[in-house]
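# Summary of structural features
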Amino acid sequence: MVQVTATIMMGLHIIIVPLLALGADQVSKGNSARSTWSRKIRAIHLDEVHHPDKIAQVRRYLLNMGRSQTLIIVASPQSLLPKLPWNKLLLDCAHKRNLLKGVYVDEYHLFASFGSSFRPEFEESGRHFISKLFNPCPIPPGYDFPSYLAMSASMNTRALRDGQAHTKIYIDRKQFFWSPPIKFRRRELKVTMDLIQPKQVGRSVFG
């Protein structure tokens, strides 16, 4: 889903993943994606950026990134805390430059349950990062709120309640889509999106 969205919407897309191996898979898929409307899509995993030279390289890219570029950032909740450099930099990209197009929380049920038990960083990332993207105070002039997608194959009432408590993002139950596992067939999934630009509308269907 994220790769489909990123190929259509130019800008910054942030995937929050609780599992590092899952993040590595997302980066691999992101770097292999191609877009008709933007330059080559790049994908990076913040948890794999440790060397000072690499950190400086990513910072320069973000500071110079234009709206015609597409970057997928995969990050664990702990990498987005205020004590690390990415927190302020990514919030600035969103609030001051309107680069952020989408925020995606993968394995949402783990985000919720871990934040309630032995991984307080999950709850802290919701309070210090996610909530500031969707509940900024004050709202920056001309701020374009990003899309938000919470994904889980194990969505239930508790995960929904705990996740909302951590992120302060309350979503109407009618906006959640789910089906019983016996009916869930990924090979039958089709995603339809409309790309709306000045004076033209492009429609793409991905199977």
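Predicted model only: the values in this text are computed from it and were never measured. (Residues numbered from 1 in each chain as written. Predicted model: local features only at pLDDT ≥ 70, side-chain atom pairs only at ≥ 80, totals over all residues. Heavy atoms only, no water.)

Further remarks concern the overall build of the protein. Counting its regular elements, the protein contains 7 helices and 7 strands. The helix and strand sequence of the protein, counted from the amino end, reads α-β-α-β-α-β-α-β-α-α-β-α-β-β. Sorting the 207 residues of the protein into buried and exposed places 46% on the buried side. When contacts within the protein are restricted to residue pairs at least 6 apart in sequence, long-range pairs at least 24 apart make up 73% of them. For the protein, the exposed surface amounts to about 11800 Å²; the carbon and sulfur share of it is 55%. (Helix = DSSP H or I, 4+ residues; strand = E, 2+ residues; numbered from the N terminus. Buried < 20%, exposed > 50% of the residue type's maximum accessible area, 1.4 Å probe, protein only. Contact = heavy atoms within 4.5 Å. Areas by Shrake-Rupley, 256 points an atom, 1.4 Å probe, with all protein chains shown as cover.)

Soluble globular proteins tend to pack their nonpolar side chains together in the buried interior. Within the largest apolar cluster, 37 residues are counted, with the highest numbers of intra-cluster contacts made by Leu 12, Leu 62, Ile 73, Leu 90, Ile 130, Leu 133 and Tyr 148. With sequence-adjacent residues up to four places away left out, Leu 133 is seen in contact with Leu 91, Ala 94, His 95, Leu 100, Val 103, Tyr 143, Phe 145 and Pro 146. (Core = buried A, V, L, I, M, F, W, Y, C linked by side-chain atoms within 4.5 Å.)

Turning our eyes to something else, we now look at the pattern of salt bridges. Enumeration over the complete set of coordinates arrives at 4 salt bridges. With a shortest N-O distance of 3.0 Å, Lys 88 and Asp 92 are connected by a salt bridge. Highlighted residues: Lys 88 and Asp 92, both in helix α4 (residues 86-95), separated by 4 residues, approximately one helical turn. When its relative accessible area of 23% is taken as the criterion, Asp 92 is described as partly exposed. With a closest N to O distance of 3.9 Å, Asp 144 and Lys 101 form a salt bridge. Taken together, the positions of Asp 144 in the loop between α6 (120-134) and β5 (147-150) and Lys 101 in strand β4 (residues 100-105) put the pair 43 residues apart, joining distant regions of the chain. Classification of Asp 144 as partly exposed rests on a relative accessible area of 40%. Each of Lys 88, Asp 92 and Lys 96 takes part in salt bridges that share partners, so that together they form one network. (Salt bridge = Lys/Arg side-chain N within 4 Å of Asp/Glu carboxyl O.)

Let us now look at the sheet that holds strand β2 (residues 42-45). Ordered in space as β2-β3-β1-β4-β5, the 5 strands form an open sheet in which the pairing is parallel. Because the sheet does not close on itself, it has two edges, and the strands there are β2 and β5. Each adjacent strand pair in this sheet contributes to an overall mean axis angle of 15°, direction not counted. One ladder, built from 4 bridges, connects β4 with β5; its direction is parallel. Bridge assignment links Val 105 to a residue of β5, and that residue is Ala 150. Against the sheet, α4 contacts β1 (11-16), β3 (70-75) and β4, and its axis sits at roughly 135° relative to β1. (Pairing = 2+ DSSP bridges. Axes fitted to C-alpha atoms, helices over the stretch in contact; angles between N-to-C directions.)

With that settled, consider α4. For α4, the tally of buried residues reaches 7 of 10 residues, placing the bulk of the element in the interior. Every buried residue belonging to α4 is among Trp 86, Asn 87, Leu 89, Leu 90, Leu 91, Cys 93 and Ala 94, and all of these are buried. Against β1, α3 (52-64), β3, β4 and α6 lie the buried residues of α4.

Turning to its location among the elements, Gly 102 is positioned in strand β4. Along the chain, Gly 102 and Thr 5 lie 97 residues apart, while their C-alpha atoms are 8.4 Å from each other. With sequence-adjacent residues up to four places away left out, Gly 102 is seen in contact with Leu 12, His 13, Ile 14, Pro 146 and Ser 147.

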